[in-house]
Each structure stands twice: as C-alpha cells, then as structure tokens.
Amino acid sequence: MTYSEKSLMLMRDHNIHELIELLGVFWNKSMNDEERSEAFTTVVYLGAIAVLAYNFVANVVSGFVFAAAWARISVVTGVSPLSEGMWEKFLQANYALDMFFGGPCIPAKAILTVPFFFAYRRFVVNSTSKSPLKERFPIINRYLSLMLAWLVANVGVVGGATYLMVKITTFWTGVPMFPVAP
C-alpha cells in the first residue's frame, strides 16, 4: 500500500490522529517527494474542511440571529421588516444581536464545529470517492467536492433553515413575511 493510499484510507476511516502521527514522518525527512506532496495536500484538504465546517456553524448562528431580529421587528412594529421604512430598523436590530452572538460567541462556535467537522468531512470524502474525476484529476476532484459540500451545507441547508425560522416567526407573530400591497 502506498503512502497516499494510507493517508486517504485514514481520512475515510475517521482516524485523524493516526493521520497526524503518519504525517510526523514528514518532519523526519523520510518521505519522498510524492509522499510529501500527498501529505501536504491531505493537510490542506482537512484544513479546508475544518474552515467550511466552522463556516457552516457560524452561518447557522447568523441565521438564528437573522430570525430573532425579524421576530423582534415584527413584534415591535406589527409589520414585516420588508415593509417600507422598516429595513433600516431590522438591520439595526440584526446588528445589535450580532454584536452579542458574533464575536463573543466565537469559542462556542469553535466548540460546536467539532461534531460538524466529522459529518462535513464524511460528506466531502464520500463525494470525492464517488466522482468520476478521482483517478484522472484528483486535485480538481477534491476542490469540486469541497465546493459541492459548501453549496449543499451553507447555501442549501443554512438558507433553507433561515427561511424556515423566519416563516415560523411570521406564524408566531401573525405578521406576514411579505408586506401586503395597499
């Protein structure tokens, strides 16, 4: 089994600590150039997955903040934040909530990222292994699998969840999401 097969197998089998131990060989200069290249690619790949997993958690929190600001403006004013003159008030409420849930909650977001990292990595690795590009263009394949994961998780799931949360607040407050035309 080649070094690259070992590193990819370890990524698939969730043995990240073993992958890190295996990468310790990199610093001992006992790897050849191909093995160093594969180790570097694997570390960058895992780093990108970690960043995207954190981005997912941060976007979910931002979605909650958005829905909370929407509910706040709907309750206080009795009209949709999309109504004329309400968007600025909504943005102010969103900014005020984001000041609390943004920066000060970064450690909590980082902790919440850990369980999502493994699920995110599993999705990325599965999409990478099922792609027809995996043999011929492995780097492009990895990049495309990362982009697919981002589109599905951050755009699809977070966007849909944010819409659902806003829709729930419209039922809760009784204020329609879109303003009624006069």
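In what follows, the structure referred to is the one given above.
Let us look at the structure shown here. What you see is a predicted model, and the numbers here were worked out from it, not measured in a lab.

A word on the overall build of the chain. A count of helical and extended segments in the chain gives 6 helices and 0 strands. If you list the helices and strands of the chain from N to C, you get α-α-α-α-α-α. Out of the 182 residues in the chain, the part that is buried amounts to 36%. A total of about 11200 Å² of accessible surface is found on the chain, and carbon and sulfur atoms cover 69% of it.

All told, the structure shown has 7 aromatic pairs when counted by the stated rule. Their ring planes at 85° and their centres at 4.7 Å tell us that Phe100 and Phe101 sit as a pair that is edge-to-face. When its relative accessible area of 34% is taken as the criterion, Phe101 is described as partly exposed. Aromatic rings pair up to connect Phe66, Trp70, Trp87 and Phe90 into one cluster. Arg142 extends its terminal NZ or CZ atom over the ring of Tyr45, reaching a point 5.2 Å from the ring centre.

Interhelical geometry of helix α3 (residues 33–77) versus helix α6 (residues 138–173) gives an angle of 15° and a closest axis separation of 9 Å. Judged by the inter-axis angle, α3 sits roughly parallel to α6. Judged by the sense of rotation from one axis to the other, the crossing of α3 with α6 is right-handed. Classifying every residue of the contact of α3 with α6 by side-chain character gives 21 nonpolar, 12 polar and 2 charged.

Nonpolar side chains in soluble globular proteins tend to be buried together. Tyr45, Ile49, Phe56, Phe117, Tyr120, Val124 and Leu146 are the most contacted members of the largest nonpolar core, which has 14 residues in total. Secondary structure elements with two or more residues in this core: α3, α5 (106–130) and α6. By residue number, the principal contributor to this core is α3, which donates 7 residues. In this structure, Ala69, Trp70, Ile73 and Val166 belong to the second largest nonpolar core, which totals 9 residues.

On to the packing of α5 against α6. Each pair of packed helices gets described by two things: the angle between the helix axes and the distance between those axes. At a minimum axis distance of 9 Å, the contact between α5 and α6 shows a crossing angle of 130°. In terms of their interaxial angle, α5 and α6 are classed as oblique. Both α5 and α6 take part in a crossing whose hand is right-handed. Contacts between α5 and α6 pair Tyr120, Phe123, Val124, Ser127 and Thr128 from the former with Asn141, Arg142, Ser145, Leu146, Leu148, Ala149, Trp150, Val152, Ala153 and Asn154 from the latter. When its residues are assigned to classes, the contact of α5 with α6 shows 9 nonpolar, 5 polar and 1 charged.

A few words on the environment of Pro81. Following the sequence through the fold, Pro81 ends up in the loop between α3 and α4 (87–101). For the pair Pro81 and Ala71, spaced 10 residues apart in sequence, the C-alpha to C-alpha distance is 9.0 Å. For Pro81, the residues in contact, after removing those within four places along its chain, are Trp70, Ile73, Ser74, Met86, Trp87 and Phe90.

For α6, which comprises 36 residues, the first-to-last C-alpha distance of 51 Å matches the rise-based estimate of 52 Å (1.5 Å per residue) to within 8%. Phi turns positive one or two residues past the end of α6, at Gly174, with a value near 80°.

Analysis parameters
Residues numbered from 1 in each chain as written. Predicted model: local features only at pLDDT ≥ 70, side-chain atom pairs only at ≥ 80, totals over all residues. Heavy atoms only, no water. Helix = DSSP H or I, 4+ residues; strand = E, 2+ residues; numbered from the N terminus. Buried < 20%, exposed > 50% of the residue type's maximum accessible area, 1.4 Å probe, protein only. Areas by Shrake-Rupley, 256 points an atom, 1.4 Å probe, with all protein chains shown as cover. Phe/Tyr/Trp six-rings, centres within 6.5 Å; stacked < 30°, edge-to-face > 60°. Lys NZ or Arg CZ within 6 Å of the ring centre and 35° of its normal. Axes fitted to C-alpha atoms, helices over the stretch in contact; angles between N-to-C directions. Parallel < 35°, antiparallel > 145°, perpendicular 65-115°, else oblique. Left-handed = near helix turned anticlockwise from the far one by under 90°. Nonpolar A, V, L, I, M, F, W, Y, C, P; charged D, E, K, R; others polar. Core = buried A, V, L, I, M, F, W, Y, C linked by side-chain atoms within 4.5 Å. Contact = heavy atoms within 4.5 Å. Expected span 1.5 Å × (residues − 1).

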